[in-house]
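Now for the letters of each chain:
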Amino acid sequence: MNNDLSVFNDLIVNNILVQFGMKNGKLFAVLKESGTETKLKKVEISDIPENSVLIKLDGYEEPKTLFKSNKGQLKRCDYVLLTRVGNQGIMLFIEMKSQRFSDKDIEKQFKGALCVMDYCNAVLNRFHNKEDILSLFEKRFIVFYTLPIPKRPTRPAKSVNLPVNPPVRHNKPESPLKIANPYNPFFKSLI
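Note that the structure is predicted; figures quoted are calculated from it, not measured. (Residues numbered from 1 in each chain as written. Predicted model: local features only at pLDDT ≥ 70, side-chain atom pairs only at ≥ 80, totals over all residues. Heavy atoms only, no water.)

Q: Where do I start with the packing of aromatic side chains in this structure?
A: Here a ring pair, both rings aromatic, is described through the centre-centre distance and the interplanar angle of the planes. With the rule as written, the count across this model stands at three aromatic pairs. Through a chain of ring-to-ring contacts, the aromatic side chains of Phe93, Phe110 and Phe141 assemble into a single cluster. Against the face of Phe28 rests Lys23, its NZ or CZ located 4.8 Å from the ring centre. (Phe/Tyr/Trp six-rings, centres within 6.5 Å; stacked < 30°, edge-to-face > 60°. Lys NZ or Arg CZ within 6 Å of the ring centre and 35° of its normal.)

Q: I keep staring at the sheet that holds strand 4 (residues 42-48) and nothing clicks. Help me out?
A: Strand pairs in the sheet, formed through backbone hydrogen bonds, run parallel or antiparallel to each other. Taken in spatial order, the three strands make up an open sheet running 2-3-4, and their pairing is antiparallel. What marks the edges here is a single partner per strand, and that holds for strand 2 (21-23) and strand 4. Strand after strand, the sheet turns through a mean of 35° between neighbouring axes, direction not considered. (Pairing = 2+ DSSP bridges. Helix = DSSP H or I, 4+ residues; strand = E, 2+ residues; numbered from the N terminus. Axes fitted to C-alpha atoms, helices over the stretch in contact; angles between N-to-C directions.)

Q: Got a minute to help me understand the pattern of salt bridges in this structure?
A: If the charged atoms of two oppositely charged side chains come close together, the side chains can form a pair. Following the criterion strictly, the structure yields nine salt bridges and no others. A salt bridge links Glu44 to Lys23, with the shortest nitrogen-to-oxygen separation between them at 2.8 Å. Of this pair, Glu44 sits in strand 4 while Lys23 sits in strand 2; the two residues are 21 residues apart in sequence, bridging distant segments of the chain. Residue Glu138 pairs with Arg140 through a salt bridge whose shortest N-O separation is 2.7 Å. One network of salt bridges, with partners in common, ties together Glu33, Lys56 and Asp58. (Salt bridge = Lys/Arg side-chain N within 4 Å of Asp/Glu carboxyl O.)

That is the geometry; function is a separate question.
Rendered as C-alpha cells:
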C-alpha cells in the first residue's frame, strides 16, 4: 500500500492546507477558529505521525451555485487530518464549537465533509491515477467544545466509579467523540 499522502499537496490549494510545527522531535498542529463570538480559539494536537496532511475544510467558499442548502449538504466540519498509523490510513474529521450545538447540525457537517473527501478521492482516481486512495481509511469524528467552568461546591461530592477505558465508537458522523475544554490532546487519544 502506498503510504505517501503528499499527492494532497498537489491536489489541494495551499491556503487551506495547514502547516505542522515541530516540538521535541514530534509533529503538532494548531487548529484555530477566528470568529468574533469564538470562545474556543485554538486546540493543539500533539504527536501527529510523519507525512500527515491537515486540511482546513471551512477555509473555502460553499458551493452555493451548485447545491441547494435545504438538507445541509453545504455544511462541512472545520478540519480533516489524513494520516497513517502503520499501514492503516486514518481520516480524522474535527469540528470546533464555542457554544451550544445541535447533534443533528454536527452530523450534517461531518456528512458534508465526507462528501468533500469522496470528491477528492474521485479526482485523485480520475486525474492523478490514484485508485481509491481514501476508501480503506478508517474514519473518526471528533468535536472539541467549550463548557463554562462551574463554581466549585463548598462540600465534597461523593465519589463515583467510572469505567477505566470505556469503549470508544466514534467512527460515524452521528456518534462523534466529544471532548470538552480540550487541552493539547495527543493524536493517539483521538483515534
